[in-house]
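Inside the fold
Listed below are the residues making up each chain.
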Amino acid sequence: MIRSELIQKLGEENPGLSLQEVEKIVDLFFREIVDRLSGGGRVELRGFGAFTTRARDARTGRNPRTGEQVPVSAKRVPYFKPGKEMRERLNGKAAD
C-alpha cells in the first residue's frame, strides 16, 4: 500500500471527512513519528509495533562500481520492531 491508497481507504471508511482532511491527518501522523525519532525518542503503537533508531558506527565502505574504498560516516537509522499481535497474524496464528 502506498500513501495515496492509505488516504483513499481512510476517506472511504470516514465519509464525514474530506480527502483533504484525511490527507492532513495522515501527514500529521507521519510527521509526528519522524519528529519523535529525530529527537531520539521512540514511537510505540500497541498491537502494531515500535519505531526507534539505532546508531551505526563510521566504517569504510566500497564503491560497487569501481571497488574503491570510501569512508561512510556514523549515522542513526530507523528501526521497526513488530508487536506480538502483528507477528502472530503474519505467522497464521490467531491473536488472543
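Above this text you will find the structure in question.
Residues numbered from 1 in each chain as written. Predicted model: local features only at pLDDT ≥ 70, side-chain atom pairs only at ≥ 80, totals over all residues. Heavy atoms only, no water.

A tally of regular secondary structure across the protein chain gives three helices and five strands. Each helix and strand of the protein chain, ordered N terminal to C terminal, gives the series α-α-β-β-β-β-β-α. Scaling as 2.2 N^0.38, a compact globule of 96 residues should have a C-alpha radius of gyration of about 12 Å, whereas the protein chain reaches 19 Å, well beyond that. With the principal axes as the frame, the protein chain shows a C-alpha extent of 55 × 35 × 30 Å. For the protein chain, with 96 residues in total, the buried portion stands at 15%. Sequence-distant contacts in the protein chain: of pairs separated by 6 or more residues, those separated by 24 or more amount to 32%. Accessible surface, the protein chain: about 8000 Å² in total, of which carbon and sulfur atoms supply 51%. Within the protein chain, the 14 negative side-chain charges are centred at a point lying 9 Å from the centre of the 19 positive side-chain charges. (Helix = DSSP H or I, 4+ residues; strand = E, 2+ residues; numbered from the N terminus. Rg over C-alpha atoms; globule rule 2.2 N^0.38 Å. Buried < 20%, exposed > 50% of the residue type's maximum accessible area, 1.4 Å probe, protein only. Contact = heavy atoms within 4.5 Å. Areas by Shrake-Rupley, 256 points an atom, 1.4 Å probe, with all protein chains shown as cover. Lys, Arg positive; Asp, Glu negative; His and termini not counted. Charge placed at Lys NZ, Arg CZ, Asp CG, Glu CD.)

Let us look at the pattern of salt bridges. Summed over all chains, the structure comprises five salt bridges. The partner of Arg3 in a salt bridge is Glu23, with the nearest N and O atoms 3.4 Å apart. Here Arg3 is found in helix H1 (residues 3-13), whereas its partner Glu23 is found in helix H2 (residues 19-38), with 20 residues between them in sequence. Using a relative accessible area of 36% as the deciding quantity, one classes Arg3 as partly exposed. Across the salt bridge formed by Arg42 and Glu44, the nearest N and O atoms sit 3.2 Å from each other. Residue classification places Arg42 among the partly exposed positions, given a relative accessible area of 48%. Salt bridges sharing partners connect three or more residues here, namely Arg3, Glu23 and Asp27. (Salt bridge = Lys/Arg side-chain N within 4 Å of Asp/Glu carboxyl O.)

Here we come to the packing of H1 against H2. One can describe the packing of H1 onto H2 by two numbers: an axis separation of 9 Å at closest approach and a directional angle of 125 degrees. With respect to H2, the element H1 is oriented oblique. Handedness of the crossing formed by H1 with H2: right-handed. Here Arg3, Leu6, Ile7, Gln8, Leu10 and Gly11 of H1 come into contact with H2, specifically with Leu19, Val22, Glu23, Val26, Asp27 and Phe30. Each residue belonging to the contact of H1 with H2 can be placed in one class, and the counts come to seven nonpolar, two polar and three charged. (Axes fitted to C-alpha atoms, helices over the stretch in contact; angles between N-to-C directions. Parallel < 35°, antiparallel > 145°, perpendicular 65-115°, else oblique. Left-handed = near helix turned anticlockwise from the far one by under 90°. Nonpolar A, V, L, I, M, F, W, Y, C, P; charged D, E, K, R; others polar.)

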